[in-house]
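Residue-level listing of the chains:
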Amino acid sequence: MKGRQPAARPGKPGSLIIPGLGADLPALQKARALWQANRFEESVALFEQTAQRHPQNAIALIDAARALGARFEIGRAQPFLDRLMTPAKGRPDLLHLVGQTYRMIFRPELAQRCFEEVVARTRDIPDAALELAVLLERGTRSPKRLPGLRIAFDTIPPTQRPSCFEPACCDA
């Protein structure tokens, strides 16, 4: 996440606290290492165990959902994100991460809702507007979607706007 530097967790070597998200637990670090070593089943099992043992840890819940989604275990991934929706309602930064994860696990409609809410609440997360614009562009060309695409595009700072979207925004 932009602007957030993990802080070392006192008394726990190898564990970091990411403000607003929770501890990057050693078990999560080990699960990521297993994933990198292509030991996917062990990795997913460890992500799930860690998320179940630490149900308030947003990092654990997001990592578990993303790992399961990458393995096309969407039904097992979704409950982890559902747990995050209540605390995410008041936190655009967390809602953005949930939206990204929904997109990654092939749930574009749920991702779109998250990004729409982030864009409506704050202009401080331009990536959410870009992600929303991409999802809307990939969707149908119905008149309902085009105004949302224009709003999402206009939310992105001019220096970060992808020019490839502008013609689609302006067609109507």
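Treat the numbers as computed from the prediction; the structure is a model and nothing was measured.

What counts, and at which threshold
- Residues numbered from 1 in each chain as written.
- Predicted model: local features only at pLDDT ≥ 70, side-chain atom pairs only at ≥ 80, totals over all residues.
- Heavy atoms only, no water.
- Phe/Tyr/Trp six-rings, centres within 6.5 Å; stacked < 30°, edge-to-face > 60°.
- Buried < 20%, exposed > 50% of the residue type's maximum accessible area, 1.4 Å probe, protein only.
- Helix = DSSP H or I, 4+ residues; strand = E, 2+ residues; numbered from the N terminus.
- Core = buried A, V, L, I, M, F, W, Y, C linked by side-chain atoms within 4.5 Å.
- Contact = heavy atoms within 4.5 Å.
- pLDDT = per-residue confidence, 0-100.
- Axes fitted to C-alpha atoms, helices over the stretch in contact; angles between N-to-C directions.
- Parallel < 35°, antiparallel > 145°, perpendicular 65-115°, else oblique.
- Left-handed = near helix turned anticlockwise from the far one by under 90°.
- Nonpolar A, V, L, I, M, F, W, Y, C, P; charged D, E, K, R; others polar.

On to the packing of aromatic side chains, then. For any pair of aromatic rings, the description consists of the separation of the ring centres together with the inter-plane angle of the planes. In the structure shown here, the tally under the stated rule is two aromatic pairs. Here the aromatic rings of tryptophan 35 and phenylalanine 40 are separated by 4.7 Å at their centres, their planes lie at 70°, and the arrangement is edge-to-face. The partly exposed category is assigned to tryptophan 35, whose relative accessible area is 22%. Taken together, a centroid distance of 5.3 Å and an interplanar angle of 10° make the contact between phenylalanine 72 and phenylalanine 106 stacked. In this pair, phenylalanine 72 sits in the loop between α3 (58–70) and α4 (74–88) while phenylalanine 106 sits in the loop between α5 (92–104) and α6 (108–121), placing the two residues 34 residues apart along the sequence. Looking at phenylalanine 72, the relative accessible area reads 61%, which means it is exposed.

If you look at the biggest cluster of nonpolar residues, it comprises 42 residues, and the most contacted ones within it are Phe80, Leu81, Leu84, Val98 and Tyr102. Broken down by secondary-structure element, the contributors of at least two residues to this core are α1 (26–36), α2 (40–53), α3, α4, α5, α6 and α7 (126–138). When residues of this core are assigned to their parent elements, the largest contribution, nine residues, is made by α3. Sequence-distant contacts of tyrosine 102, that is, excluding residues within four places in its chain, are made with Gln78, Leu81, Asp82, Met85, Arg107, Leu110, Ala111 and Cys114.

Okay, the confidence of the model for the chain next. A residue-level look at the chain finds 68% of positions with pLDDT of 70 or above and a mean pLDDT of 78. Averaged pLDDT values for the elements of the chain fall to 46 in strand β1 (residues 7–8) and rise to 94 in α2. Overall, residues 1–11 carries pLDDT values under 50, and its contacts beyond four positions in sequence, including any with other chains, amount to 19 contacts.

Here we come to the packing of α5 against α6. At a minimum axis separation of 8 Å, α5 and α6 run at an interaxial angle of 155°. Overall, the two elements α5 and α6 adopt an arrangement that is roughly antiparallel. Taken as a pair, α5 and α6 cross one another with a handedness that is left-handed. Contacts between α5 and α6 involve Pro92, Leu95, His96, Val98, Gly99, Gln100, Tyr102 and Arg103 from the former and Leu110, Ala111, Cys114, Phe115, Glu117, Val118 and Arg121 from the latter. Class assignment of the residues belonging to the contact of α5 with α6 gives a composition of nine nonpolar, three polar and three charged.

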